Amino acid sequence: MLGSLFSLLALATCCVAGVQELWWNVTYVQNADPDGLFPRRVIGVNNTWPPPPISVNTTDSLLLHVTNSLDAPTTLHHHGMFFNSTSWMDGAASVSQCGIPPGETFDYLVPINSSGQHGTFWAHAHANGQYVDGFRTPLLLLPSNESYQYDEEFTVIIGDWYHQEHSVLIRSFISITNPRGNEPIPDSGLIYFAQDSSYLPPIAGTSPAPVTSAVGFNDNATLPFVPGRTYRLRIINTSAFSAFYFWIDGHDMRIIEADSTDVQEYPTDMLSISVAQRYSILVQARNDTSSNWMIHANMDTTMFDTVPPTLQTNLTSSITYAAGQNITDLGPVQNYTMTNDTALVPLDPIPQPVASQTIQLEIVFQTMNDGTNRATLDGYVYNAPIVPAIMSALTLGDNATSQEAYGPYSIMLNHLDVVDIVVNNSDKGSHPFHLHGHTFQIVNRAERYTSTDPTLNPPLIEGQANPMRRDTITIPGGSSVTLRVVADNPGAWLFHCHIEWHLEAGLAVQFIEAPLQVQERAVGQFPSYLYEQCAAQGIPQSGNAAGHASATDLSGLPLGPWPQKMGWQPKGILAMTGCVLTAVIGMITVVWYTTGIKETEEEIEQEVRRRMEAKRNRKRFGLFKRT
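Reference entry: report on the structure contained in this document. Fair warning: this is a prediction, and the values are worked out from it, not measured in the lab.

What to know about unusual backbone geometry
A cis amide bond links tryptophan 49 with the next residue in sequence, proline 50, at an omega value of 0 degrees. Mapped onto the elements of the fold, proline 50 is located in the loop between strand E2 (40-45) and strand E3 (54-57). Here the bond from glycine 560 into proline 561 is cis, since omega is 0 degrees, no more than 30 degrees from zero. Within the secondary structure layout, proline 561 lies in the loop between helix H6 (529-536) and helix H7 (570-595). For asparagine 31, which is not a glycine, the phi torsion comes out positive at approximately 65 degrees. Within the secondary structure, asparagine 31 sits in strand E1 (residues 18-32).

Printed below as a string of structure tokens:
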């Protein structure tokens, strides 16, 4: 298997400076207690947690051997990476692979040096909600020449944290006992730091929990600053649910990157960062060491159904200039401000191309006919297909161009089409949407997509010289975005809300992009063990989404639940007819009794005496013994 992988590596790269090779054994780690509140089982790597951060030079490729020592299938998704024409390496379960069976290994080949990408990414599980349980880590692609000069850099990892495992939380979330769809509220949040391929240790003299004692978390973590230096901070939100507001007391911030897109310097006092988004900022250190300074990462609780009194929503850490000095905390802010990503200007200009297709999507949450609260994006609840979409594209032959073959939540894109994806958010909450395998241009935003007021719902302006590009975008409640994408990466790609609970509620579609080109480019590159790992789990490896060699026969494909049908349905009509008929009979009976011939008092007295005599006789009969 390794020989074939290195052959693929040679095919994928013309001039390879090096291959960074990592061996990860994905394991459970017991009694991890990063917040100091509750020891729990987590998912780590090589029996440690958190999983090690990854830093790779852009002249290299990454070969990551992932062995699954869990009791359930797993995957690893390198969030934001293109995987040009090799979407089977994307790590999205049921889209790009069946998942790594327990006890088996998958080799992720990440062709960084041919991707044209650099910047701040992250890697996380994309199966069974496992990144909620801790299987997540930073991923940095480092070019030989950065767009900005700075003296040193750190990675800032923020995220929410749950004390219960995902398998428990998801059962209570998607349940008839939760018809409103209230998401699980985090038990706490985490902020911690990395540099290169290591995490920063806890503050000296402290005593963190043993399992995570090598890493500093929250108030037990600090960034060492030297006066006068310029620092790059790469900030990654690894949450399952919570967005954050980030700022540093006593220091200015300048945005220079968003989701791996280098941008012109953009001064800001506060950074709003949704789930799965990444930003880089430049921070100029102060020129004195008389005080250390507080770092803030406050949860955005507007999506929370409730805020438990035990939840500390305001995370803090610090910048240390001199050990032992007091930490200056300027206190709470009066207002939170959203980062306007459309105001960011990419350093590498790409003019807005002319769109050839428009796809309209709408975010809808509602209680379904099975009593659970689910989500739809294209009118259907996303259910994972039986056969991973990329395998359907590879095995259906000419039928691979049939959109129907991939399930009703699938959208076909022709090669090199320029597509506008319009997402209207009918929900009250904000949703961070991520597109696999691409970046998109943000060509329009509407504050209220149902409004006729052009200030709230402006028309799309064509001919923009250099609209902002990224791979994860926040769509506030009631608003809409228009994302322009060039379909230049044949494969099967997921487009979904990155709030884990919403993805599992069905808020996703999959784009099937240029399937005939997928077939052509897979020759000699598609690893055969992908099929073998499906077979090991009893999953079909060919045919349409349901595993049939047909473009239309989807029998057996999981579908639904469906929106409740309003108005009178046949069963309801029958039930109501029965109720009305019973009521009418009852009324007739009452009328008959009240209008019929009335008994005299003498007749009533005689009837009472007759019943009393019958009762006495029953008692006398009871005195006789049975023979």
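Observations regarding the pattern of salt bridges
Under the counting rule described, the total for this entry stands at 18 salt bridges. Of the charged contacts in the structure, one is a salt bridge between glutamate 146 and arginine 234, with a shortest N-O distance of 3.3 Å. Of this pair, glutamate 146 sits in the loop between strand E8 (136-142) and strand E9 (152-161) while arginine 234 sits in strand E13 (residues 230-237), placing them 88 residues apart in sequence. Each member of the pair, glutamate 146 together with arginine 234, is buried. In this structure, glutamate 265 engages arginine 254 in a salt bridge whose closest nitrogen and oxygen atoms are separated by 3.0 Å. Residue glutamate 265 is found in strand E16 (residues 261-268), and its partner arginine 254 is found in strand E15 (residues 253-258); the two are separated by 11 residues along the sequence. The exposure class of glutamate 265 is partly exposed, given its relative accessible area of 37%. Ionic contacts of the salt-bridge type, sharing partners, join the residues Asp259, Arg278, Asp341, Arg445, Arg470 and Asp471 into one network.

Side note on the nonpolar core
Within the largest apolar cluster, 141 residues are counted, with the highest numbers of intra-cluster contacts made by Phe246, Phe495 and Trp501. Once residues lying within four places of it in the same chain are set aside, the contact partners of phenylalanine 495 are Leu361, Leu377, Ile421, Val423, Phe433, His434, Leu435, Leu483, Ala508, Val509 and Phe511. Of all hydrophobic cores here, the second largest spans 12 residues; its members include Val29, Ile157, Trp161 and Ala194.

Conventions and cut-offs
- Residues numbered from 1 in each chain as written.
- Predicted model: local features only at pLDDT ≥ 70, side-chain atom pairs only at ≥ 80, totals over all residues.
- Heavy atoms only, no water.
- Helix = DSSP H or I, 4+ residues; strand = E, 2+ residues; numbered from the N terminus.
- Salt bridge = Lys/Arg side-chain N within 4 Å of Asp/Glu carboxyl O.
- Buried < 20%, exposed > 50% of the residue type's maximum accessible area, 1.4 Å probe, protein only.
- Core = buried A, V, L, I, M, F, W, Y, C linked by side-chain atoms within 4.5 Å.
- Contact = heavy atoms within 4.5 Å.

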